Amino acid sequence: MRQRYLAPLGALALVAVFVSLAAVSMRSQTKAAPKAPGLPKPGPAPRTAWGEPDLQGTWFVMENVPLERSAANANKEFLTDAEVAAADKQKADDPGRNARSANSAQDVNGAYNAVFNSVLRTSKRTSMIIDPPDGKIPPLTAEAQQRQGRGGRGGLGAGGGGRGNAASVNDNPETVAQSPRCLGVQMPFLATNPLFAQGTVMQIVQGPKSMGIYMEDDHAGGGNRVIFMDGRPHAPSTIKNVLGDSRGKWEGNTLIVETTNFVQGYRGANPDTYKMTEKFTRIDSNNLRRDITFEDPKTWTRPWTVRIEMGKTDDSRHMIFDSACHEGNYGLTGILVGARREEQAAKK
Amino acid sequence: MGIKFTVGAAAAGIAILLSQAPVWAHHAFAAEFDANKPVDFKNATVTRVQLINPHSWIYVDVKQPDGTSENWAIEAGSPNILLRRGITKDTLKVGQKLNVVGYQSKDGSHRANGRDLTLPDGTKLFLGGSGDGAPYEVQRPGIDTEKK
């Protein structure tokens, strides 16, 4: 009986937390912006009232790390302090999107000036991928090469969650990528877009038997994961979720979360054989490490693992903007109408 | 989309080269906005501000030569980034004057992207003060902070 009601109760608690969060966020808007935020003093990783490591809080991606290691950094896991400083100086000097292009076709794609983008500091780490040691996505299996219609390494790009390929993406609402349709963020939730990485934020709320993660990747409409930690098995394989089906268990101070039952596999993986395993470890009060291992024997020749270091800031910034999303009313229509106008113009 | 992406990548230029990864906003803006229909509104009056995902919308009244005014919806960046820069709904108030440079939507409606938003005196809108940025953000003079 207790178990049966736990899930809905957990979900309710989660909703309550988010509602109160939204209320706090709205209230705080009426005040002037807080000045000079700083990191709270680091301390030991806290524990919950029931004695487990406390992962709760709002966590930010702090530094820019490319997913794969570049050729320039081959065999080099970390940059030197001087290299980081030089890269950051270059970023600070760069006008970026503030630079207007004389070519209006290019200029329109600039969309907004640089104030709407974030520029994270450069990380010493040269790739999110920590395994394999070369910092690259492992080669595709022969089957995946055939399935994806391409060879080489890595597989398909991250994909936008729509059903369209490059040529047909703006054909109809179903083919348009997920984010302009405000269908929320996608797994595995990596900050792969440095221009918006500052918006890659997740909030964890935790109970003894379940945990909720709210994910916001800047502007796509948010996403809520519920991770059950009460030992229940995965949902039947016939049940698929966009965010997958997550089960967690503690190993020492690390929460191991296995997620299966995805509608789509990451980077073109086969959803029936694809699995991601996350390891959440709170290093200290200010730092959370999230390691993710991607496995799919039908897609990659070996598993691969990324490391994401996330941090906190002071309480006044412990909020995520309400994810209410309404570009379905404007942006999506505009994109589809625009595509039809282009087709008409091409016929003339 | 392949061609558009290439064009877009060129426009983003150095920023993207620096970031070492092909990155883009969640949609190609050329799909929605018309490069042949630039708009340049001086002294428009803000009538409504919606800081909302995935993109903020700023509504402005634009005076026409015949004395009437048109209400335009200007698309701008996401509220999450702005919030982390200490920018709230009080930063831009109804009644405030605003210069808008951007491109009209392809469907010909009174919508445009806000390529550059400045106050009539030339001050950049949404300039975050130094230290207002989220943790570890690189501060760019003239973009995130006053120009040195």
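Criteria and thresholds
- Residues numbered from 1 in each chain as written.
- Chains lettered and ligands numbered in written order.
- Predicted model: local features only at pLDDT ≥ 70, side-chain atom pairs only at ≥ 80, totals over all residues.
- Heavy atoms only, no water.
- Helix = DSSP H or I, 4+ residues; strand = E, 2+ residues; numbered from the N terminus.
- Buried < 20%, exposed > 50% of the residue type's maximum accessible area, 1.4 Å probe, protein only.
- Contact = heavy atoms within 4.5 Å.
- Areas by Shrake-Rupley, 256 points an atom, 1.4 Å probe, with all protein chains shown as cover.
- Pairing = 2+ DSSP bridges.
- Axes fitted to C-alpha atoms, helices over the stretch in contact; angles between N-to-C directions.
- Expected span 1.5 Å × (residues − 1).
- Polar contact = N/O pair within 3.5 Å; in protein donor to acceptor, adjacent residues only side chain to side chain.
- Salt bridge = Lys/Arg side-chain N within 4 Å of Asp/Glu carboxyl O.
- pLDDT = per-residue confidence, 0-100.
- Core = buried A, V, L, I, M, F, W, Y, C linked by side-chain atoms within 4.5 Å.
- Arc of directions from axis to C-beta.
- Phe/Tyr/Trp six-rings, centres within 6.5 Å; stacked < 30°, edge-to-face > 60°.

Draft legend 1. Structural context of the overall build of chain B. Scanning chain B from N- to C-terminus turns up three helices and five strands. Beginning at the N terminus, the succession of helices and strands in chain B can be written as α-α-β-β-β-α-β-β. Going through the 148 residues of chain B one by one, you find that 57% of them count as buried. Within chain B, counting contacts between residues at least 6 apart in sequence, those at least 24 apart form 52% of the total. Put simply, chain B shows about 5,900 Å² of open surface, and 56% of that area lies on carbon and sulfur atoms.

Draft legend 2. Broad picture of the overall build of chain A. A count of helices and strands for chain A gives five helices and 12 strands. Burial status across chain A gives 52% buried among its 348 residues. With the model as given, the accessible surface of chain A reaches about 15,700 Å², and the carbon-plus-sulfur share is 56%.

Draft legend 3. Just the sheet that holds strand 5 (residues 111–118) of chain B, in detail. Residue and element names in this part refer to chain B. Around the barrel, which closes on itself, the five strands sit in the order 1-2-3-5-4 with mixed pairing between neighbours. Ignoring which end each strand starts from, the neighbouring axes of this sheet average 55° apart. Strand direction decides the pairing type here: strand 3 (residues 69–76) and strand 5, joined by three bridges, are parallel. Each residue of the ladder has a partner; that of Ala73, found in strand 5, is Arg111.

Draft legend 4. How the structure looks around helix 5 (residues 331–347) of chain A. In this model helix 5 of chain A runs 25 Å from its N-terminal to its C-terminal C-alpha over 17 residues, within 8% of the 24 Å that 1.5 Å per residue would give. Listed in full, the buried residues belonging to helix 5 of chain A are A:Gly331, A:Leu332, A:Gly334, A:Ile335, A:Leu336, A:Gly338 and A:Ala339. Contact partners of the buried residues in helix 5 of chain A: helix 2 (29–32) and strand 5 of chain B.

Draft legend 5. Geometry of unusual backbone geometry. Residues and elements named next belong to chain A. Here the residue pair Asp131 and Pro132 is connected by a cis peptide bond, since its omega of 5° sits within 30 degrees of zero. Mapped onto the secondary structure, Pro132 falls in the loop between strand 4 (129–131) and helix 4 (142–148). The backbone of Asn75 shows a phi angle near 65°, a positive value even though the residue is not glycine. Relative to the helices and strands, Asn75 resides in the loop between strand 2 (63–64) and helix 2 (81–93). For Asn75, a relative accessible area of 81% translates into the label exposed.

Draft legend 6. Fine view of the environment of B:Lys42. Residues and elements named next belong to chain B. Relative to the assigned elements, Lys42 resides in strand 1 (residues 33–50). We classify Lys42 as exposed; its relative accessible area is 56%. Along the sequence, Lys42 and Pro120 sit 78 residues apart, while their C-alpha atoms lie 7.2 Å from each other. Within the structure, the side chain of Lys42 is placed 3.0 Å from the side chain of Asp40, a separation counted as a polar contact.

Draft legend 7. Inspection of the pairing of strand 9 (residues 254–260) of chain A at higher detail. Residues and elements named next belong to chain A. Along strand 9, six of the seven residues are buried, which leaves the element largely enclosed by surrounding structure. Linking two consecutive strands that pair antiparallel, namely strand 8 (residues 245–251) and strand 9, is a turn of two residues; a positive phi of about 65° is found at Gly252 within it. Relative to strand 10 (residues 275–284), strand 9 is paired through six bridges, and the arrangement is antiparallel. In the sheet register, Ile256 faces strand 10, and the bridge partner there is Lys279.

Draft legend 8. Representation of the pattern of salt bridges within the structure. Residues and elements named next belong to chain A. Within the structure shown, the criterion is met by 24 salt bridges over all chains. Between Asp272 and Lys240 there is a salt bridge; the shortest N-O distance is 3.0 Å. In this pair, Asp272 is assigned in the loop between strand 9 and strand 10 and Lys240 in the loop between strand 7 (223–228) and strand 8, connecting sequence segments 32 residues apart. Taking the relative accessible area as the measure of exposure, Lys240 reaches 32% and is therefore partly exposed.

Draft legend 9. Representation of the confidence of the model for chain B in the model. Residues and elements named next belong to chain B. When the pLDDT values of chain B are averaged, the result is 75; 74% of them are 70 or greater. Predicted confidence for residues 1–25 stays below pLDDT 50, and this span has 41 contacts to residues more than four positions away or in other chains. For this predicted complex, the interface confidence comes out at an ipTM of 0.71, alongside a pTM of 0.79.

Draft legend 10. The nonpolar core, seen in detail. Grouped together as the largest cluster of nonpolar side chains are 41 residues, with contacts concentrated most on A:Leu67, A:Leu190, A:Met202, A:Phe294, A:Trp304 and A:Val306. For this core, the element with the most residues is strand 12 (residues 304–311) of chain A, which contributes four residues. When neighbours within four sequence positions are excluded, A:Met202 is seen to be in contact with A:Gly57, A:Thr58, A:Trp59, A:Phe189, A:Ile213, A:Tyr214, A:Met215, A:Phe280, A:Leu288, A:Arg290, A:Met310 and A:Ile320. Formed by 36 residues, the second largest nonpolar core is a distinct cluster that contains A:Met319, B:Phe41, B:Val60 and B:Tyr103.

Draft legend 11. Main features of helix 2 of chain A. Residue and element names in this part refer to chain A. With 13 residues, helix 2 ought to run about 18 Å at 1.5 Å a step, and its terminal C-alpha atoms sit 18 Å apart, in line with that. Inspection of helix 2 places Val84, Ala87, Asp88, Lys91 and Ala92 among the buried residues, and these make up the whole buried set. Along the axis of helix 2, the buried residues cluster in a sector spanning 140°; they form a single face. With respect to the buried face of helix 2, the exposed residues turned more than 90 degrees away are Ala82 and Lys89.

Draft legend 12. The pairing of strand 3 of chain B, seen in detail. Residue and element names in this part refer to chain B. Here eight bridges tie strand 2 (residues 56–63) to strand 3, and the two strands are oriented antiparallel to one another. Within strand 3, the residue paired with Trp57 across the bridge is Glu75. Two successive antiparallel strands, strand 2 and strand 3, enclose a turn made up of five residues, where Gly67 displays a positive phi of approximately 95°.

Draft legend 13. The arrangement of the packing of aromatic side chains in detail. Residues and elements named next belong to chain A. What the rule picks out here adds up to seven aromatic pairs over all chains. Ring geometry for Phe294 versus Trp304: centroids 4.5 Å apart, planes at 35°, classification tilted. Within this pair, whereas Phe294 is found in strand 11 (residues 287–295), its partner Trp304 is found in strand 12, the two being separated by 10 residues in sequence. Phe294 gets classed as buried once you look at its relative accessible area, which sits at 0%.

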